[in-house]
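An overview of the molecular structure
Residue-level listing of the chains:
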Amino acid sequence: MLETLERETAPDPRWSVLWLHGLGADGHDFLPIVPELVRRDWPPLRFVFPHAPVRAVTINNGMRMRAWYDIRDADLANRADEQGVAESVAHVEALIAREVERGIPAERIFLAGFSQGGAITLAAGMRRSAPLAGLIGLSTYLPGAQAAAVPPDAATRQPVFMAHGTQDPVVPHAAGEHSAALLRRHGFAVEWHAYPMPHSVCAEEIADLGDWLSARLGA
């Protein structure tokens, strides 16, 4: 089981949000988002921020860092190490299973991720036979082999929030748009947002995500 950081918005949470960080970061990266995102009328939530495994990253001269998979090439079609993607999806499934064991059913668990973490979020969501409450992919894309997969019918019942910067030099805006369109073709309901920003997160994005979550939390 991966090491994680946790924050609960109130005692006895009834919903969980698993949030996957980007390349070279760790679970601390999105902790500050909790007070910015959470609204007073929401039910109690547990935020879980896992640390990705440490591995050598080819595109960074083999430097070891926290990464959900090796990045072999800048080209998105060949970027993701598929074995690493599969291993990280398995780690995520173990975290989801732990939340279920703690009393939060899959349909009340959101899976979120930024950049590399978002790629794992979408890859894991594509495989789910027990739908989650929703998938959140920020500044990200669907990895190559996953893009070619056909998801189970149950997976397409998961609503998806995707957001991207129009000036993103790391994961091009067009790649995010393409992934959103592909998910829609598979039958996913995707809410897409674009903002005039680079590879980052902005206040307007957090507000839009909050609106999307409110609709699903019944708040």
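That block above? That's the structure.
What you are looking at is a predicted structure, and each value in this text was computed from that prediction instead of being measured.

Another point: unusual backbone geometry. Here Asp12, not a glycine, exhibits a phi torsion of approximately 55°, which is positive. Mapped onto the elements, Asp12 comes out in the loop between strand E1 (4-8) and strand E2 (15-20). What makes Asp12 partly exposed here is its relative accessible area of 47%. Even without glycine at this site, Ser139 takes up a positive phi of about 50°. The topology assignment puts Ser139 in the loop between strand E7 (134-138) and helix H4 (144-147). Look at Ser139 and you get buried, because its relative accessible area is 0%.

Most of E2 sits inside the fold, with six of its six residues counted as buried. Burial along E2 is two-sided: Trp15, Val17 and Trp19 and Ser16, Leu18 and Leu20, pointing in opposite directions, are all buried. As paired elements, E2 and strand E3 (residues 45-50) share four bridges and run parallel to each other. Residue pairing across strands places Val17 opposite Phe47, the latter belonging to E3. Pairing between E2 and strand E6 (residues 109-114): five bridges, direction parallel. Note that in E6 the partner of Val17 across the bridge is Phe110.

Procedures and definitions
- Residues numbered from 1 in each chain as written.
- Predicted model: local features only at pLDDT ≥ 70, side-chain atom pairs only at ≥ 80, totals over all residues.
- Heavy atoms only, no water.
- Helix = DSSP H or I, 4+ residues; strand = E, 2+ residues; numbered from the N terminus.
- Buried < 20%, exposed > 50% of the residue type's maximum accessible area, 1.4 Å probe, protein only.
- Pairing = 2+ DSSP bridges.

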